[in-house]
Amino acid sequence: MTAATRNRVAVMHGVNFDVLERRDAGLYGGRPLSALEHQIEGWARAARLEPIFFQTNHEGSFVEYLHRLPDIADGSVINAGAWTHYSRAIADALGVAGLPAVEVHLSDVESREDWRKVSVFDGLVVRKISGKGAEGYREALEVLARELGVSA
Ligand code: DQA
């Protein structure tokens, strides 16, 4: 890759993803986040993307990571968990980051409770992918690779 290549992708997980293996396996797969990240890393490298991973349960830390994002990444894949549905602070910070972002949800948020159908990221993300489990991340990486002009 040349110095001008834009291929760094931050894969960001929000609240409760540190205990992913303890959450409803029917919805979230029953695996630890480390296993999911390992799989995502393989897909990213196959797509010639450089992934970096981040997870926090602290909204302010998520916001501050988004503030730093333009220095460390060219795009992002974001699963903010429950924050997706109400954190205007995170939505504003994503706007500040100003990089292409894809929103991912393991479960099908459109077919669950009404409050999960709302996303603060509407209009800020290139694509919203939900209900495809881990595969949703592969699709998100493909979308970002196209967006960044990276071909495998
Ligand atoms: C989730 C869906 C959210 O509604 C929920 O709060 C999560 C996980 C998903 O990946 O399906 O924490 O983002």
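Each remark here, short or long, concerns the structure printed above.
## A closer look at helix α6 (residues 135-148)
The terminal C-alpha atoms of α6 lie 20 Å apart, and with 14 residues this matches the ideal 20 Å at 1.5 Å per residue to within 8%. For α6, every residue scored as buried is listed here: Gly136, Tyr137, Ala140, Leu141, Val143, Leu144, Ala145 and Leu148. The elements touched by buried residues of α6 are β1 (8-13), α2 (33-46), β3 (75-79), β4 (101-105) and β5 (127-130). Among the residues trailing α6, Gly149 stands out with phi positive, at a value near 75°.

## Thoughts on the pattern of salt bridges
Scanning the entire structure with this criterion turns up 10 salt bridges. The partner of Arg8 in a salt bridge is Asp74, with the nearest N and O atoms 3.1 Å apart. Pair noted here: Arg8 is in strand β1 and Asp74 is in the loop between α3 (59-72) and β3, with a separation of 66 residues, a long-range link. Classification of Arg8 by relative accessible area gives partly exposed; the value is 30%. Across the pair Arg45 and Glu41 runs a salt bridge whose closest N-O atoms are separated by 3.0 Å. Of this pair, Arg45 and Glu41 both sit in helix α2, four residues apart, roughly one helical turn. The partly exposed category is assigned to Glu41, whose relative accessible area is 29%. Salt bridges sharing common partners tie together Glu41, Arg45 and Glu50.

Each value, and the rule that gives it
- Per-chain numbering applies: the sequence of each chain, read as written, is numbered from 1 onward.
- Owing to the predicted nature of the model, reporting of local features is limited to residues with pLDDT of at least 70; listing and counting of side-chain atom pairs is limited to 80 or more, with chain, interface and lining totals taken over all residues.
- To get the side-chain values, take all heavy atoms of the structure and skip hydrogens and water.
- Helix and strand definitions here come from DSSP, where helices need a minimum of 4 consecutive H or I residues and strands a minimum of 2 consecutive E residues; each element is numbered from the N-terminal end.
- Expected span, for any helix, means 1.5 Å times one less than how many residues it has.
- Note on classification: 1.4 Å probe, protein chains only; a residue is buried when its accessible area is under 20% of the maximum for its type, exposed when over 50%, partly exposed between these limits.
- By definition, residues are in contact when any of their heavy atoms lie within 4.5 Å.
- The working definition used for a salt bridge is a side-chain nitrogen of Lys or Arg within 4 Å of a carboxyl oxygen of Asp or Glu.

Keep in mind that these numbers describe shape and distance, not what the molecule does.
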